[in-house]
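Residue strings, one per chain:
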Amino acid sequence: MSMWTDESAGDGPTDDFATTGDDLDGTGSDDLLVPTGAGEEWTPDQGYPDSSLSVRIWVDDDRRLTKVRISNRWRERARGTSLSSMFDESFLLANAALGSSTPPGSPVAAERVPTDALSWDSLDAILAETRRLAHQAEALDQLPPDQVTPNRWVGATVEAFSTNQMVAVRLSIHGRTEKVAFAEPWLRQARVAEVCDAVLEAHRAAYARFVPPVFEPGDRQRLADAFARLQNQSMALLGTPPTPQGGSR
């Protein structure tokens, strides 16, 4: 059976692990997933929970999983959903709170700008380039949309497993967690601490295989970058005193 099939909460036992001391802190208590005070302001250091407070995750600034906790009573709290779906909710909340994970595509702002002195020749070159780019923009506007090459990111999703092969993680081409999936027979009898450890292992294995995607600018982005470079060059030239060549113009 596929590792990407979610387990329904009703498919397994509903034994309460809280009575066995089977939690990450070894306290036997499930209170670690309960809000600590009515009306208390939530902060990221408290972790990102799912709606049932059965799963809570901690991520760093790169959206990489650093810690996970699961309620000892997640099965009875699931209410017809699955542990995989609970993780989906937690990661959706984390991603929404941290904003877009897509890096800026254009590197123009970081490029080194020439520091040539301002001259009539340099002004002529800027004006000529401006006219050329304007003609390109007009020609691009005349093309049908399906003939204009769009921006795209070239990369691949990553899938990896925990050491015991019971938990699978899929990352998007930008390194966002898209799915946490579990082997159903194992999940039905696994201890909470074992599940937490396996989720972290699968994530670490996925991060180890992750390669950042490469941005390929489309037609309009390439034109916008060219205009941006020209503007940066113009501003750099205007920061130096003019040195006219060949007399007055």
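Calculation rules
- The numbers attached to residues start from 1 for each chain and follow its sequence in the written order.
- This being a predicted model, a pLDDT of at least 70 is required before a residue's local features are given, and a value of 80 or more before pairs of side-chain atoms are given or counted; all residues contribute to the totals for chains, interfaces and linings.
- Excluding hydrogens and water, the side-chain figures rest on all heavy atoms present in the structure.
- Helix and strand labels come from DSSP, where a helix needs a run of H or I of at least four residues and a strand needs a run of E of at least two; each type is numbered from the N terminus.
- Calculation of accessible area relied on Shrake-Rupley with a 1.4 Å probe; when residues are assessed, cover is drawn exclusively from the protein chains displayed.
- Any residue under 20% of the maximum accessible area for its type is buried, any over 50% is exposed, and the rest in between are partly exposed; the area is computed with a 1.4 Å probe on protein chains only.
- Identification of polar contacts relies on pairs of N or O atoms within 3.5 Å, with a donor-acceptor requirement for protein atoms, meaning one able to donate a hydrogen and the other able to accept it, and with residues adjacent in sequence counted only if both atoms are side-chain atoms.
- By the convention used here, strands pair only if DSSP detects at least 2 bridges between them.
- To get an axis, a line is fitted to the C-alpha atoms, and for a helix only the part in contact is used. The angle between two axes follows their N-to-C directions and goes from 0 to 180 degrees.
- Any two residues having at least one pair of non-hydrogen atoms within 4.5 Å are treated as being in contact.

> Mind showing me how you'd approach the overall build of the protein here?
Regarding its fold elements, the protein presents 6 helices and 8 strands. Of the regular secondary structure in the protein, the N- to C-terminal order runs β-β-β-α-α-α-β-β-β-β-α-α-β-α. Of the roughly 14000 Å² of accessible surface on the protein, 53% is carried by carbon and sulfur atoms.

> Could you clarify how one ought to interpret the side chain of Ser84 in this entry?
Relative to the helices and strands, Ser84 resides in helix 2 (residues 83-98). Note on Ser84: relative accessible area 2%, which makes it buried. Here the side chain of Ser84 touches Val180 through a polar contact of 2.5 Å, landing on its backbone oxygen.

> Whenever I open this one, unusual backbone geometry confuses me. Can you help?
Most peptide bonds adopt trans geometry, and most residues besides glycine take a negative phi value. With a phi angle near 60°, Leu53 is a residue other than glycine that sits in the positive phi range. With respect to the helices and strands, the residue Leu53 is situated in the loop between strand 1 (48-49) and strand 2 (55-59). At Arg63, a residue that is not glycine, the phi angle is positive and equals roughly 65°. A relative accessible area of 10% places Arg63 in the buried class.

> Before we go on, may I ask you to explain the side chain of Ser162 in this structure?
Relative to the assigned elements, Ser162 resides in the loop between strand 5 (158-161) and strand 6 (167-171). Among the polar contacts listed, one links the side chain of Ser162 to the side chain of Asn164, at a separation of 2.6 Å.

> Could you clarify how one ought to interpret the environment of Glu159 in this entry?
With respect to the secondary-structure elements, Glu159 resides in strand 5. When the C-alpha atoms of Glu159 and Leu171 are compared, they prove to be 6.5 Å apart, with 12 residues separating the residues in sequence.

> Got a minute to help me understand the sheet that holds strand 6 in this structure?
The strands making up a sheet associate through hydrogen bonds between their backbones, and the pairing can be parallel or antiparallel. Taken together, the 3 strands give an open sheet; going across it, the order is 5-6-7, and neighbouring strands pair in antiparallel fashion. Of all strands in the sheet, those with a lone pairing partner are strand 5 and strand 7 (177-182), marking the two edges. Mean inter-strand twist for the sheet, computed between neighbouring axes without regard to direction, equals 15°. Sheet topology places strand 6 next to strand 7; 5 bridges connect them, and they run antiparallel. Residue pairing in the sheet places Arg170 in a bridge with Lys179 of strand 7. Sitting on the sheet, helix 5 (residues 192-209) touches strand 5, strand 6 and strand 7, and the angle it makes with strand 5 is about 140°.

> Please explain the sheet that holds strand 2 as it appears in this structure.
Read across the sheet, 3 strands follow the order 1-2-3 without closing on themselves; strand pairing throughout is antiparallel. Since the sheet does not close on itself, it has two edges, and those belong to strand 1 and strand 3 (65-70), each with one partner. Across 5 bridges, strand 2 lies against strand 3 in antiparallel orientation. Residue Ile57 lies in a different strand from strand 3, and its bridge partner there is Val68.

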